[in-house]
Every structure is written in structure tokens, then in C-alpha cells.
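Here is how the chains run, residue by residue.
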Amino acid sequence: MGAGAQELLIRNATVHTAGAQGTLKNADVLVSGGTVRAVGTGLSAPAGAQVVDAQGRSVTPTLFGGITEIGLEEVSGEKDTVDNTLALGADTKQMTVRPEFDVTLAYNPDSILVPVTRIEGIGWTLLGAGTATGGSIVAGQGGIVRLDGSADPIGPRELFLRIGGDAAGLSGNSRAAQWMILDQLIDEVRGRISPDANAALLTPAGRAALAKYIGGGGRVVVEVDRAADIRQLLRWSQRHNVRVAIAGGAEAWRVAPMLASAKVPVFVNPLGNLPSDFDKLGSTMENAARLRAAGVQVGFTQAGDASHNARKIRQLAGNAVANGLAWEDGLAGLTRVPAETFGVADRLGTIAPGKRADLVLWSGDPLEVNAVALQVWMDGRAIPMRSRQTELRDRYLKTAAPAADGGLPRAYPASGR
């Protein structure tokens, strides 16, 4: 239970539970002790509870921010503030494979990106490990963090891989070599290659870390786009019983039945429409809709600067809906699907009794860019709807006092006068 959790009744809302109850009109959400106690109509508020009249507006669970470096990256152009990649080797001839690398150890809950993201209705994100020259296609581990100021991640760790043309520079400029490397790593984990062999790639800690993801263990998140590479990934994962999820998947729709059969969720970028490289020749804004129609569980994640622009993930979901995805599936891709995929569905992703009371009241349709989060609650506690960005906005909107009256330029805070 979060500090300051309280009794709360949100009344007369359109409650998008993202779960078994679906969408409920003119409904109430009762919160006690930081968790949802009841969802229904005509609920009574306990003595002393805060009562909020939603006036028919939408209430959702807090949204998933995608795979980001929030709290791992403060200024993307300043390397001293970026902690999501490992590059111990000098170049590609000195590849280092360290699956034991865990980016969550560098998470900073006091990052200014946390409140910037949170007041937009984003309550949790998956910290992802990235690849770099001197590293390998095995990026390392990450995990889910709630953007409530908590210092520690929740749920299991995820392992991150990068496959395809964009990662070929990490595998001797050959995408075929990526499968050779991955098979060797499996052989090392299973003892078919001695730890002290000249060709061995893993440290003892690395073997122990990777072993947790082989044979039906933890989830492996694979950044991959080309249909041919996805097909090889499915064969590799089935051969070694590896539970995978796909991030990107620009051409995933082309192998949608295979993905559905293998129960592999795909986290797409629905703004991808034109082929930005040769792995994405089949890009289409209907990717999400086609995948879902085939039975694939679809979530969302951004390309590019996802950490500083996490709020845009709602636009991604809305764009997928505009191109054929059902609205309910658009919301699920920001809530239930990532919660189930990354092992936190017992706490997050839906509004249901027993779940954390991480909730958002919206001014309009949460998948429309003209809607804003009016209030965010985490553990039933109202979050201050304030961030560094809103403080700068308010400072510069103020009318400066004339210099004759002792005024200073608007950049100066009032305390400096």
C-alpha cells in the first residue's frame, strides 16, 4: 500500500475496466487501502472517504508507457545521464555478451521525466536494455517500474535481444550469424561448451542469468521487424522453449497466424507506414488491426525518443484504432496486454477488485490527442498534476512587473525578487 493511500469513491463515471467487466456506464469505483474494492453502480462511500463526481467522464487504469529509458536517461544527448546500454568491448571484434547486465539498478525515481510522464496518465513503463557497439545482440535485462516515486521495479525481469539488419553490426555484419551466436549461448548454458573454452562468450553470472530464460522461464523481448527474421525467431524460440515477445514487428502482420499459434504478443508502432529501411518494406498502419484479427495479442511501443515523449503512446493506440483496430483492443494494448505479457497483471492493467488503485480520470476519449488527464491516482492517492514542464509554462505565462516597479525578466522566479 502506497503512503497516503486513502478511501476514495469515484462516482458516475464511464469506467473502462480493460478487463472482464468491459466498459461500464454511470458506474462507481470504490477504493480502500490503496486497492480497488468494488466496481459497480450505487456504491456507498465510507465515512471520511473522498468522493469525486466524474460527471460521466472516462476512467481507466493508468496506462503503460511502452519500452522506455525513463529514469535511466535524463538528457539523451549527454552520455553521463544515459544508463541503458553496455559496451565493454572496443569494437565489434570485441563483442561482449553480458545477459546479467540489469538496467533497473540504475533507475532514478527522482528523474524529472517521471512526473512529466505521470501527469499524462502514464503510470508504469518497461525499462529496456539497449544495444551498442562493443556490446552484443543480447542487450541485458530490464523490468517494470511504477511511476509513483518507488525506487524498485515490480514483477519479473525481462531479457532484451535485438535481431535483424539494424543489429548486424553487432554480429560480424551478418544477420545469419545472430542465430549462430544465440545457439552457442544456449550450448553454453546447457554445458555443451565448457566455461573455460576459448570460444566461450558467457561469464558464470551470464550463464546463470540466461538460464532463467531458457526452457519456458522468463520473457525475452526481441526487437525485430522483418517477416523472415520473425519466422526464424519463432523456430528458434520453439526449439529451445523460450517465451518471447516482439517489439517493433513492422512486418509482423505477414506472419500473423504463426504468431497467434505460438501465442507471441507483439508491441507495434502504429505510426510506421513507410519503409524506413529494408527490414520494414512491409510497414503498414493496419499492422495492429491485422495482427489482432489473426488472434495476436497487440500492445504498443514507440520508435525514437520514447522516454521524453511517452505521452504520445496514446496517439499510437488511437492511430491503430483509426486504422481498423477495435477501440477496446486499443485500450487493452495500453493496459491489460502489457500487464499480462510482463507478469504484473495481478496488480496492474485492469480495474478490478484487489488490483492497485492506479486510475486516471480523462477529459474525453483517452485515445484522442485532444483529451487530457484531469487527475491521476496511484494507490488511491491523488498525484499532484504538476511537473517541471507545467512549472515552466506557468512561470512564462505570468505577466512580468515593469522594471520601474522592481520587476525582473519572467525567467526569474518570484523568490529571486
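Everything quoted here is computed from the prediction, not taken from an experiment. (Residues numbered from 1 in each chain as written. Predicted model: local features only at pLDDT ≥ 70, side-chain atom pairs only at ≥ 80, totals over all residues. Heavy atoms only, no water.)

Draft legend 1. Spatial organisation of the overall build of the protein. When you go through the protein residue by residue, the secondary structure sums to ten helices and 16 strands. Taking 22 Å as the expected radius of gyration for a compact globule of 417 residues, we find that the protein reaches 23 Å, a close match to that expectation. Counting only C-alpha atoms and orienting by the principal axes, one finds that the protein spans roughly 70 × 55 × 40 Å. Put simply, the protein has 417 residues, and 51% of those count as buried. For the protein, the proportion of contacts with a sequence separation of at least 24, taken over those separated by at least 6, is 65%. Carbon and sulfur atoms form 50% of the exposed surface of the protein, whose accessible area is close to 17700 Å². (Helix = DSSP H or I, 4+ residues; strand = E, 2+ residues; numbered from the N terminus. Rg over C-alpha atoms; globule rule 2.2 N^0.38 Å. Buried < 20%, exposed > 50% of the residue type's maximum accessible area, 1.4 Å probe, protein only. Contact = heavy atoms within 4.5 Å. Areas by Shrake-Rupley, 256 points an atom, 1.4 Å probe, with all protein chains shown as cover.)

Draft legend 2. Seen up close, the UniProt feature "domain: Amidohydrolase-related" (unreviewed entry) in the protein. Residues given the UniProt feature "domain: Amidohydrolase-related" (unreviewed entry) here are residues 261-367. The span residues 261-367 shows a helical share of 29% and a strand share of 9%, and its end C-alpha atoms are spaced 29 Å apart. (UniProt positions renumbered as here; feature names shortened; annotations may be inferred.)

Draft legend 3. Up close: the pairing of strand β9 (residues 154-162). Pairing analysis gives six bridges linking strand β8 (residues 138-146) to β9, with the strands arranged antiparallel. Bridge assignment links G140 to a residue of β9, and that residue is F160. (Pairing = 2+ DSSP bridges.)

Draft legend 4. Up close: the pattern of salt bridges. Enumeration over the complete set of coordinates arrives at 19 salt bridges. A salt bridge links D329 to R292, with the nearest nitrogen and oxygen atoms 3.3 Å apart. Here D329 is found in helix α8 (residues 327-332), whereas its partner R292 is found in helix α6 (residues 287-293), with 37 residues between them in sequence. Relative accessible area serves as the criterion here: at 24%, R292 is assigned to the partly exposed category. (Salt bridge = Lys/Arg side-chain N within 4 Å of Asp/Glu carboxyl O.)

Draft legend 5. Layout of the sheet that holds strand β10 (residues 219-224). Taken together, eight strands build an open sheet; the order of strands is β6-β7-β8-β9-β10-β11-β12-β13 and the sheet is mixed. Only two strands of the sheet have a single neighbouring strand rather than two, namely β6 (63-68) and β13 (298-300). For this sheet, the mean angle separating the axes of adjacent strands, direction not counted, is 30°. (Axes fitted to C-alpha atoms, helices over the stretch in contact; angles between N-to-C directions.)

Draft legend 6. Highlighting helix α7 (residues 313-322). Among the ten residues of α7, seven are classified as buried, and the element is accordingly described as predominantly covered. Remark: G324 follows α7 within two positions and exhibits a positive phi of approximately 110°.

Draft legend 7. Examining the domain arrangement of the protein more closely. For the protein, the assigned domains read domain 1 (1-62 + 349-387) and domain 2 (63-348). Spacing between the C-alpha centres of domain 1 and domain 2 amounts to 30 Å. Summed over both partners, the interface of domain 1 with domain 2 comes to about 2300 Å²; 62% of that surface belongs to carbon and sulfur atoms. The largest share of the area that domain 1 buries against domain 2 comes from T62, G349 and L367, three residues that together contribute 28% of it. In this structure, the connection of domain 1 to domain 2 is made through two salt bridges. Residues D379 and R146 are paired through a salt bridge, measuring 3.6 Å at the closest nitrogen-oxygen approach. Summed over the shared surface of domain 1 and domain 2, the number is eleven residue pairs in polar contact (both at pLDDT 80 or more). Mapped onto the side of domain 1 that touches domain 2, the elements with two or more residues apiece are β5 (58-61), β14 (359-362) and β15 (373-378). Of the residues that constitute the side of domain 1 that touches domain 2, the class distribution is 14 nonpolar, six polar and eight charged. (Domains from an automatic or database assignment. Buried area = accessible area lost by both parts, 1.4 Å probe. Polar contact = N/O pair within 3.5 Å; in protein donor to acceptor, adjacent residues only side chain to side chain. Nonpolar A, V, L, I, M, F, W, Y, C, P; charged D, E, K, R; others polar.)

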